[in-house]
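Listed below, chain by chain, are the residues.
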2 protein chains.
Amino acid sequence: MLLPLRLALAQFNPTVGDVEGNAAKAVGWIERARDEGAGLVVLPELCIPGYPAEDLYLKAHFIDANREAVEEVARSADGIVALVGFAEPAEAADDRRAYNALAVLADGRLQSTYRKIRLPNYAVFDEQRYFVPGSDAAVLKVDGTQIGLTICEDCWVEGPPASLEVEQGATLIVNPSGSPYHRGKGREREIMFRDRARAYGVHFAFCNMVGGQDELIFDGQSVVIGPDGRLLARARQFEEELLVCDIPPGGRSQTAPVAEALPDLGEVYGALVLGLRDYVIKNGFRHVGVAVSGGIDSALVAMVAADAIGADHVSCVVMPSPHSSDETQGDARAIARNLGTELLEIPIAPMMDGYEVALDSIATGAANDAATETAGDMPRDPARPSEPDIAAENIQARIRGNLMMALSNKHGWLVLTTGNKSEMSVGYATLYGDMAGGFAVIKDVPKTLVYELVRHRNERAGTELVPTSVIERAPSAELRPGQLDSDSLPAYEILDAILAGYVERDEGSEELARAGLPADEVDRVIGMVDRSEYKRRQAPPGIRITPKAFGRDRRLPITNRFGG
Amino acid sequence: MLLPLRLALAQFNPTVGDVEGNAAKAVGWIERARDEGAGLVVLPELCIPGYPAEDLYLKAHFIDANREAVEEVARSADGIVALVGFAEPAEAADDRRAYNALAVLADGRLQSTYRKIRLPNYAVFDEQRYFVPGSDAAVLKVDGTQIGLTICEDCWVEGPPASLEVEQGATLIVNPSGSPYHRGKGREREIMFRDRARAYGVHFAFCNMVGGQDELIFDGQSVVIGPDGRLLARARQFEEELLVCDIPPGGRSQTAPVAEALPDLGEVYGALVLGLRDYVIKNGFRHVGVAVSGGIDSALVAMVAADAIGADHVSCVVMPSPHSSDETQGDARAIARNLGTELLEIPIAPMMDGYEVALDSIATGAANDAATETAGDMPRDPARPSEPDIAAENIQARIRGNLMMALSNKHGWLVLTTGNKSEMSVGYATLYGDMAGGFAVIKDVPKTLVYELVRHRNERAGTELVPTSVIERAPSAELRPGQLDSDSLPAYEILDAILAGYVERDEGSEELARAGLPADEVDRVIGMVDRSEYKRRQAPPGIRITPKAFGRDRRLPITNRFGG
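Residues numbered from 1 in each chain as written. Chains lettered and ligands numbered in written order. Predicted model: local features only at pLDDT ≥ 70, side-chain atom pairs only at ≥ 80, totals over all residues. Heavy atoms only, no water.

A. Region of interest: the sheet that holds strand S3 (residues 81–89) of chain A. Residue and element names in this part refer to chain A. Reading across the sheet, the six strands line up as S5-S4-S3-S2-S1-S14 and stay open at both edges, with mixed pairing between neighbours. Two strands lie at the open edges of the sheet, namely strand S5 (109–115) and strand S14 (241–247), each paired on one side alone. Across this sheet, the average inter-strand angle for adjacent strands is 30°, counted without regard to direction. In terms of strand pairing, strand S2 (residues 40–42) meets S3 through three bridges, oriented parallel. Its bridge partner being in S3, Leu 40 is matched across the sheet by Val 81. Contacting strand S1 (5–11), S2, S3 and S14, helix H1 (residues 19–35) crosses the sheet at an angle of about 40° to S14. Each of S3, strand S4 (98–106) and S5 touches helix H2 (residues 60–74); the most contacted strand, S3, lies at about 165° to it. (Pairing = 2+ DSSP bridges. Helix = DSSP H or I, 4+ residues; strand = E, 2+ residues; numbered from the N terminus. Axes fitted to C-alpha atoms, helices over the stretch in contact; angles between N-to-C directions. Contact = heavy atoms within 4.5 Å.)

B. How the structure looks around the nonpolar core. Ranked by size, the top nonpolar core spans 164 residues in total, and within it Leu403(A), Leu416(A) and Leu416(B) carry the most contacts. Excluding residues within four positions of it along the chain, Leu416(B) makes contact with Leu276(B), Val288(B), Gly289(B), Val290(B), Val301(B), Ala305(B), Phe439(B) and Val441(B). (Core = buried A, V, L, I, M, F, W, Y, C linked by side-chain atoms within 4.5 Å. Buried < 20%, exposed > 50% of the residue type's maximum accessible area, 1.4 Å probe, protein only.)

C. Structural detail: the interface of chain B and chain A. Taken residue by residue, the interface counts 107 residues in chain B and 106 residues in chain A. Approximately 9,000 Å² of surface area, both sides summed, lies buried where chain B meets chain A, with 53% of it carried by carbon and sulfur atoms. The tally of links from chain B across to chain A stands at four salt bridges. At the junction of chain B and chain A, the tally comes to 31 residue pairs in polar contact (both at pLDDT 80 or more). Of all the elements in the fold, those that place two or more residues in the side of chain B that touches chain A are helix H2 (60–74), helix H3 (127–130), helix H6 (264–282), strand S17 (342–345), helix H9 (349–360), helix H10 (388–411) and helix H18 (533–537) of chain B. Along the lines of polarity and charge, the residues of the side of chain B that touches chain A split into 51 nonpolar, 31 polar and 25 charged. (Buried area = accessible area lost by both parts, 1.4 Å probe. Salt bridge = Lys/Arg side-chain N within 4 Å of Asp/Glu carboxyl O. Polar contact = N/O pair within 3.5 Å; in protein donor to acceptor, adjacent residues only side chain to side chain. Nonpolar A, V, L, I, M, F, W, Y, C, P; charged D, E, K, R; others polar.)

D. Fine view of the environment of Cys47(B). Residue and element names in this part refer to chain B. Mapped onto the elements, Cys 47 comes out in the loop between strand S2 (40–42) and H2. Remark: the alpha-carbon pair of Cys 47 and Pro 176, spanning 129 residues in sequence, is separated by 9.6 Å. Discounting residues that sit within four places of it in the chain, Cys 47 has contacts with Phe 12, Pro 14, Asn 22, Val 84, Gly 85 and Met 209.

E. Inspection of unusual backbone geometry at higher detail. At the junction of Tyr51(B) and Pro52(B), the peptide bond is cis and its omega measures out at -10° in the coordinates. Position of Pro52(B) among the secondary structure elements: in the loop between S2 and H2. Pro161(B) follows Pro160(B) through a cis peptide bond whose omega is 0°. Within the secondary structure, Pro161(B) is located in the loop between strand S7 (145–149) and helix H4 (162–167). At Asp107(A), a residue that is not glycine, the phi angle is positive and equals roughly 50°. Relative to the helices and strands, Asp107(A) is located in the loop between S4 and S5.

F. Structural view of the relation of the copies chain B and chain A. Overlaying chain B with chain A gives an RMSD of 0.0 Å, the required rotation being 180° about an axis along which the chain moves by 0.0 Å. The transformation relating the two chain copies, once decomposed into turn and shift, fits a two-fold axis. Among all residues of chain B, the minimum C-alpha distance to the rotation axis is found for Gln538(B), at 2.0 Å. A shared interface surface links the copies, since 99% of the contact residues of chain B are contact residues in chain A too. (Least-squares fit on C-alpha atoms with pLDDT ≥ 70 in both.)

G. Examining the pairing of strand S13 (residues 231–234) of chain B more closely. Residues and elements named next belong to chain B. When strand S12 (residues 223–225) meets S13, the two strands line up antiparallel, connected through three bridges. In the strand pairing of S13, Val 224 is matched with Ala 233. Joining the antiparallel neighbours S12 and S13 is a turn of five residues, in which Gly 229 adopts a positive phi near 90°.

H. Structural context of the packing of aromatic side chains. Under the counting rule described, the total for this entry stands at 28 aromatic pairs over all chains. Ring geometry for Phe193(A) and Phe204(A): centres 6.0 Å apart, planes at 50°, overall tilted. With a gap of 11 residues between them, Phe193(A) in helix H5 (residues 185–200) and Phe204(A) in strand S9 (residues 203–208) connect regions that are remote in the sequence. Here Phe193(A) and Phe204(A) have matching classes, each one buried. With 6.0 Å between their ring centres and 55° between their planes, Tyr51(B) and Phe218(B) make a pair best called tilted. In this pair, Tyr51(B) sits in the loop between S2 and H2 while Phe218(B) sits in strand S11 (residues 216–219), placing the two residues 167 residues apart along the sequence. The class for Tyr51(B) is buried, based on a relative accessible area of 6%. Owing to a relative accessible area of 1%, Phe218(B) belongs among the buried residues under this scheme. Seen from the ring of Phe550(B), Arg536(B) lies directly overhead, with NZ or CZ sitting 4.3 Å from the centre. (Phe/Tyr/Trp six-rings, centres within 6.5 Å; stacked < 30°, edge-to-face > 60°. Lys NZ or Arg CZ within 6 Å of the ring centre and 35° of its normal.)

I. Broad picture of the side chain of Thr418(B). Within the element layout of this structure, Thr418(B) appears in the loop between strand S18 (414–417) and helix H11 (421–426). Exposure remark for Thr418(B): the relative accessible area of 16% places this residue in the buried category.

Structure (structure tokens):
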């Protein structure tokens, strides 16, 4: 009887551009896999250059550096076969310089490569900008097992190369990937691989990258699926892990670990924690600052920050104005206290006075009372454009933004912004005010989900980290007396339903109205979303958790007269 | 003898998303061409939906609307054949919904379509994200002349479809385009078409879009080239025009107009004027504000603004601090006076005091004196990170930013920012300060070119619109006593040479040093460029005039450890 192949999937966390560091990490994982007795170790897609490295892939000296690094890694592949993702130099007639490739390393040398055939160019993907497509299926024999090679997208459509490789005798298809997370993506992938495994009657092994890269999270959760579609092994989400699995399993082989998948809210929360931690660490920060208002959004951001890098590395800053209520200020202090972060307080009234005097003193004949319909600066409330009140409201937000940035300058903090996806969608935020900062932790989290995540984290803590009063109070920007979000926006349940259709599914107003959403609110919301595009263009990056985030995922012009 | 074909090229200015407006304009140009006796009129690529409409092309209801609009336009094509660019609905296995197509309109109906075969997906182009490629060459007979159809990129590579169409008897290749401008692009295009015309021995007619769309300028300059490579007709740059040309020319035919190409600096200046004017008008603004410092950058922006929308629609705002010299303030006032714009003055010292008191009053134990190397907030001078002085300098810039935005809120202005490409490259600017605004007119203009453009415009005016003292004074941000740009940056001649290599040609440090640039400055500049990526990501859009602009053209990750 044939001995099984011991397969190791090294889901590790590379850093874009850190070619030497990634290569050193790769060597470490290869050695660990050999120590575990593996005959084959699979590393993620493009793990040497990092992914997505965007226009770095167009630089000749970057491609050279990554090729040299792979040759260095090859030396460690002795007594084991390693499949390592890199950008293989290519000749092309245009500015593309590489294949998205897999290096087959064995006997201390680079033996051959497999080149990704299907290059995704939709959603967050731009691979046809960077890579020359491969054309050839590849089967590799390791310890008597025939292994078909693919990379990520190659498996997301039925047919070649996997189908050809199975015809050529492969009984295991490996699929190293850089597959970005959205809510529930792990389950989607497992269903897809189960279908493929059953269709071809072979094993599938998916090795995903883990880590945060700007707006994207790679969630790990590598899996091995048997020919009958059964899940044989699963690595944890959001953490590095070497997943070892004998194929076929049984006989004297070890039982492979099957990590339990996180429940829905725990998964989203985990993605936010990883995304923030990696942005902080990979960009060389050690401390973050959050303007905490006593509202639910900044509460969630402070919570995630404390979980991501430790409360000692988080400063909460409370900046009351004359419109701030005692209740919200008390809650803001309670949140910092409960989380164990530093708390700083800076009243902004004296600065508000300074601007008021300065602006009242000038008269301009160039007033343009007609509404600024789009672009430029935005009214916090798009229903009341160009009213003088708007200027006064925005100035408060901008004083706070300036103070946060001054603290950042003095102390080297990364400033976190606190806008959620519902607000970012309709432009209910002040550019250079509450939008000022380096990273927008919850910019892809709809308001209704913000509430769920705070409740979830409170429950996990078994205590009110965020006081119930924060969860139950009607949302307000507190920029004028008695202001409520509901003065300007539909109820968040309705707003989020409209946004899910318009932003995430590209549905138009007629379709949304047919689905039962109130037609007047649909039109109002679509108008606000379209008019806020200029503002989102100047927003900091943030973590993608939905199937369509603002940023590299949804790319709309600012100048755009299409309505609906 | 065969009568010549009277060909009309309608280089007009559509607006992205304004499907009905664009269709109405198209009808107007078709009617004008018929009035001129043309048998064939060519309109630009994708002129009905607008170009580039980005993810609008992924919306089913947008594609439907543009198809309906083309059917409306068809009714006007009676007694003339019209070729009109639109997004033709397509069935695809993914989220793409359309071909980049040309509608052949005749006898009041849509007769057939040609589908673009070569879809560019590099530089500013993402057409493989949006369109299904066509596969078939197409030849059309109009008034006895066989005409081969192509769209833009189809002609930029030798071979099909044009080569096949010539084999099939075409003696004229038409090439409706949305070909974006960079400095000298018109000449590149004419050389390319001359080569093609000679290679195939046929006429080429290039009909380009005109107008600004966010960061891109379409410069018009449509041309007709004879089989011998001779230029037979040329439309003006940056303006709408109906270019009429008989093919073959001679006999009783009219002489076609050959517009003189603008000289180099006049061309760049013209691109800036068109780009700003279209951003203002297409986004519904009527007035702009510019913070004028007395320096050369804001002087150029104010000049361009006055030329683009008229001095009556421009407000210059002077905001002196205690570090502002009398000389620069005097120059700032002179610039506004010479241009004829409104002048407003707001001293910022009172607000500076407010922030100083507020920030001095708080002590934080969370100081992180280690430098913030990248992302987050930026030191104006990357060589002096996290010094307290930096906070004070940035606050001045941010007070000015807040005041400009307050004026925008009060009066509906679009605020123009004044940073040039050299500064944007190295991050020598304050995020939310001088970077605050809706449109960055000169963000792709290197500092050395800023000087040339100001001199050029002064010469054209025959008077010192911008005083010589502004041109001759050593550049300074005036945020601390005696500050000069040269304290922080290499001389601009050296800086711009390094940036041309690193940013525009993707060269690495070794290559730049080999080209004779000082190695230490090269490394320093590359480090500054890389560390400023987060800041550029939050910059307003601006006009692309070089072959590689920041924005949709150069796409680099923020989190990036590759050096050089």
